[in-house]
Number of protein chains: 2
Amino acid sequence: MIYLDHAAATPVDARVLRAMEPYFGEKFYNPSAAYLPAKKVSADYEVAKAKIAHCIGAKGADLVITAGATEANNLAFTAPTSKVLYLETEHDSVRRVAQQYGGMAVRVLANGLVDMADLRAKLTDEVEMISVSLANNELGVIQPLAEIAALVREVRMDRMRRGIKRQLLLHSDASQALNLLDVNVARLGVDLLTLNSAKVYGPKGVGALYVAHGVKLLPLTLGGGQENGLRSGTENVPGVVGFARAMELAHEHVNGNRKKYAGWRKILLDELEGHELINRKHCLDNFVVVCYEGLDAERLVFALEERGVYVATGAACAASKGVRSHVLSAIGLSEAQIAGSLRLTLGETNDEAQIHEAAAIINEVVAAERKRMGA
Amino acid sequence: MIYLDHAAATPVDARVLRAMEPYFGEKFYNPSAAYLPAKKVSADYEVAKAKIAHCIGAKGADLVITAGATEANNLAFTAPTSKVLYLETEHDSVRRVAQQYGGMAVRVLANGLVDMADLRAKLTDEVEMISVSLANNELGVIQPLAEIAALVREVRMDRMRRGIKRQLLLHSDASQALNLLDVNVARLGVDLLTLNSAKVYGPKGVGALYVAHGVKLLPLTLGGGQENGLRSGTENVPGVVGFARAMELAHEHVNGNRKKYAGWRKILLDELEGHELINRKHCLDNFVVVCYEGLDAERLVFALEERGVYVATGAACAASKGVRSHVLSAIGLSEAQIAGSLRLTLGETNDEAQIHEAAAIINEVVAAERKRMGA
């Protein structure tokens, strides 16, 4: 089995599971309870939050723990009270909530990068938030967050000079980037940052939103008042402890990972027939998006599955509904190009031998499919 | 160590953890992915939902999986568009959201049961939902849901006869009851029912809302469209598989549990000095609420902790904020009675010897405290 869909899901690292285990068993207490063993669990929970925060250059108190990136993205959108801008290639958990609040889409260029001219043009005085993912989940394209942050600062200064009091926040979903980039909220210049445990070999059902000092959010749910009243419900202690261990491992290995994946990526691009879609300069090192124009990528997925190679046509949640990728449309691909595109995402379940083998199998399957099509 | 706070948290049963383990590791796939191993995980997820639903006499498709009871309660409150009634002794995750939507509190009697006369009086034509927990989380009082459901049916008929089209829904938070009562949505007559994994020896961070056919909800979060569009985000597969195993075990042992806990409860009530607060006829068999008027229950909690006995003064989330229990106020206790009340909740970490020992230790600690107070 060769799994090349690490952008869709990652297995829980054995070290992560080991860190979680005591909190299912002997350390099961409710962190809000008054007796000492529960207070120790509460302290461990805060330490775990601090560890997660530390990996992005923040404090534990800056994080709101959520059930995943989707909830974190939704929570981020409670900050603006008027117009928001979002990149047209954002994940549905940003796009759909942005659209509900009358958001306006900012275009991307053919290379998947934000169209800064379009962003500048749409950045009117009514805009309160810009949401741009650090790395796109279908293409792996890394957006120039620092450049956008500089623009945000410039606009804030200008608004101040003109006596306009409306806030301007920068939100970024960093879910896909945490294994590959050294993410730091100060360097990125973001006010809100979405993190996801399930993409960094941590447990599913856990995520977090980094919230800069002074940014006001509204709770999506009310109740016992956990997470500073922003996210009520008994804390998922094992989940957060596991998330923390996963973040530490990701953070620790980020340089090694980049090098390793860049090497494997080069192998794939050298050996694979097919047209590379995204310039590797602006792309996460574990993403390879290839296009087999004229072929049906969904058929390729099934043919590859029979050979034990698991790949994707796009984001898993969109793929399951048979919807054409809005991301591939946005970068200007034709219907035939979209229909023939595969996303291969490398990860910790792979080794170099697998990468060579996968390239060979994909080439064979593609050749067979072209033959069948008479192409 | 004698843990008598099973209403606050339960450890994950070893059989539950065993059921979850494969889904952290080899079965880690994203259920939305297109290849076969992911589709198998998706099928396993649906089977788990069906198992949970089966335990309450429903189908898997009737459930929306959430991150816990708090989110499920909040989701339930998206159903009504106008006035709601809720019991004044409800958990904050019902109370606070009900209050936000202009809810009106229904009184309870001194025994903690719903005041049916007050409910009838407040059940005007504007009311769209009534929210009454099956068993209260501080007292264990079991509410007459079937009687309330009969009233709801009667009111619906009357509204229909008078040409009033407004819906009337019955919601119940069953979190505390699932180990002790055979919960069946048809028999209870509820339209919406909240379930909680963490109270039935399942993992934290998982819950569900049962939604009867035809009841319309609004999503709290938007995104990939999972859970029929009502709760987006990659499914927490291990969590839900664990929740299902925990529900099966609870369901299977409900009669044995009742008998066992009723026996232990009798031991405690026979051996404990102190005044029993709630009539055992209307109370979950694992709840014992005792009052030591004139003493400070918070001091008792700490003194008992030193002797290795862990008990609560009220709900863990309220207790952590030093807020006087709104539940004990609602049943008409004086400030001194509230301040002197302990909640002991029995569970699977206990055995009969522990119960005798706990009673002796509590008596000793109470006697010492009375002596110290010169009472």
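What counts, and where the lines are drawn
- Residues numbered from 1 in each chain as written.
- Chains lettered and ligands numbered in written order.
- Predicted model: local features only at pLDDT ≥ 70, side-chain atom pairs only at ≥ 80, totals over all residues.
- Helix = DSSP H or I, 4+ residues; strand = E, 2+ residues; numbered from the N terminus.
- Rg over C-alpha atoms; globule rule 2.2 N^0.38 Å.
- Buried ≥ 20, exposed ≤ 12 C-beta atoms within 10 Å, placed from the backbone.
- Domains from an automatic or database assignment.
- Contact = placed C-beta atoms within 7 Å.
- Pairing = 2+ DSSP bridges.
- Axes fitted to C-alpha atoms, helices over the stretch in contact; angles between N-to-C directions.
- Left-handed = near helix turned anticlockwise from the far one by under 90°.
- Least-squares fit on C-alpha atoms with pLDDT ≥ 70 in both.
- Core = buried A, V, L, I, M, F, W, Y, C linked by C-beta atoms within 7 Å.
- pLDDT = per-residue confidence, 0-100.

1. Points about the overall build of chain A
Helix and strand content of chain A: 14 helices and 12 strands. Taking 375 residues into account, the globule formula puts the C-alpha radius of gyration at 21 Å, and chain A, at 21 Å, falls close to it. If one aligns the C-alpha atoms of chain A with their principal axes, the spans along those axes are about 70 × 60 × 35 Å. In chain A, which comprises 375 residues, the share counted as buried stands at 58%.

2. Focus on the domain arrangement of chain A
All names here are of chain A. Taken domain by domain, chain A consists of domain 1 (2–10 + 254–369) and domain 2 (14–252). Taking only C-alpha atoms into account, the centre of domain 1 sits 27 Å from that of domain 2. Taken together, the 25 residues of domain 1 in the interface contact 29 residues of domain 2. Looking at the side of domain 1 that touches domain 2, the elements that each hand over two or more residues are helix H9 (254–271), strand S10 (287–291) and helix H12 (326–330). Ranked by residues supplied to the side of domain 1 that touches domain 2, first place goes to H9 with three residues.

3. Re the interface of chain B and chain A
The partner chain A presents 56 residues to the 56 residues of chain B that form the contact. Contributions of two or more residues to the side of chain B that touches chain A are made by helix H1 (14–24), helix H2 (36–54), helix H3 (69–76), helix H4 (92–100), helix H8 (237–252), helix H10 (297–306) and helix H11 (316–319) of chain B. Looking at the side of chain B that touches chain A element by element, the count peaks at five residues for H4 of chain B.

4. What to know about the sheet that holds strand S5 (residues 129–131) of chain B
All names here are of chain B. As summarised here, the arrangement of the seven strands in space is S2-S8-S7-S6-S5-S3-S4, forming an open sheet in which the pairing is mixed. Edge positions in the open sheet fall to strand S2 (63–66) and strand S4 (104–106), since each of these has one partner strand only. Each neighbouring strand pair of the sheet contributes to a mean axis angle of 20°, computed without reference to strand direction. On the sheet, helix H6 (residues 145–161) packs against S5 and strand S6 (169–173) and is oriented at approximately 165° with respect to S6.

5. Some points on the packing of H2 of chain B against H8 of chain B
All names here are of chain B. The interhelical angle for the contact between H2 and H8, taken along N-to-C directions, is 30°, at an axis separation of 8 Å. Helix-helix and strand crossings are classified by hand; for H2 and H8 the assignment is left-handed. In this structure, H2 uses Val-41, Asp-44, Tyr-45, Ala-48, Lys-49, Lys-51 and Ile-52 to contact H8, whose residues at the interface are Val-237, Val-240, Val-241, Phe-243, Ala-244, Met-247 and Glu-248.

6. Details of helix H10 (residues 297–306) of chain A
Residues and elements named next belong to chain A. Of the positions making up H10, those classed as buried are Ala-297, Leu-300, Val-301, Ala-303 and Leu-304. The inward-facing, buried residues of H10 abut strand S11 (309–310), helix H13 (335–339), strand S12 (341–345) and helix H14 (352–373). Gly-308, located one to two residues past H10, shows a positive phi value of around 85°.

7. A look at helix H3 (residues 69–76) of chain A
Of all eight residues that make up H3 of chain A, eight are buried, and the element is covered over most of its length. Looking at the buried residues of H3 of chain A, the elements they touch are strand S2 (63–66), helix H4 (92–100), strand S6 (169–173), strand S7 (192–196) and strand S8 (207–211) of chain A.

8. A closer look at the relation of the copies chain B and chain A
Overlaying chain B on chain A yields an RMSD of 0.0 Å, the required transformation being a rotation through 180° with an accompanying axial translation of 0.0 Å. These values place the two chain copies in the arrangement generated by a two-fold rotation axis. With an isologous cut-off of 70% or more, the 100% of interface residues of chain B that recur at the interface of chain A puts this contact in the isologous class.

9. Section: the sheet that holds strand S9 (residues 275–276) of chain A
Residues and elements named next belong to chain A. Sheet architecture is open: three strands sit in the order S9-S10-S12, paired in antiparallel fashion. Pairing within the sheet leaves two strands with one partner each, and these edge strands are S9 and S12. Alignment of S10 against S12, held across five bridges, turns out to be antiparallel. Paired with Val-290 across the two strands is Leu-342, which belongs to S12.

10. A short note on unusual backbone geometry
A positive phi angle is found at Tyr-201 of chain A, which is not glycine, with a value near 65°. Relative to the helices and strands, Tyr-201 of chain A is located in the loop between S7 and S8.

11. A short note on the nonpolar core
Most often, soluble globular proteins keep nonpolar side chains buried together rather than apart. With 268 residues, the main nonpolar core has Ile-52, Leu-209, Tyr-210 and Leu-300 of chain A together with Ile-52, Tyr-210 and Leu-300 of chain B as its most contacted residues. The residues contacting Tyr-210 of chain B, other than those within four sequence positions of it, are Ile-56, Ala-58, Asp-62, Leu-63, Val-185, Leu-192, Leu-193 and Leu-195 of chain B.

12. Section: the pairing of strand S7 (residues 192–196) of chain B
All names here are of chain B. Summarising burial for S7: five of the five residues are buried, a large majority. On S7, burial covers both faces: Leu-192, Thr-194 and Asn-196 on one face and Leu-193 and Leu-195 on the other are all buried. Relative to S7, S6 runs parallel, the two being bridged by three bridges. By the bridge assignment, Asp-173 is partnered in S7 with Thr-194. Here S7 pairs with strand S8 (residues 207–211) via five bridges, running antiparallel. Its bridge partner lying in S8, Thr-194 is registered against Leu-209.

13. Re the environment of Gly-263 of chain B
With respect to the helices and strands, the residue Gly-263 of chain B is situated in helix H9 (residues 254–271). Judged by the 13 C-beta atoms lying within 10 Å of it, Gly-263 of chain B is partly exposed.

14. So, the confidence of the model for chain A
Mean pLDDT over chain A: 94, with 96% of residues reaching 70 or higher. What the predictor reports for the complex is a pTM of 0.96 with an ipTM of 0.95.

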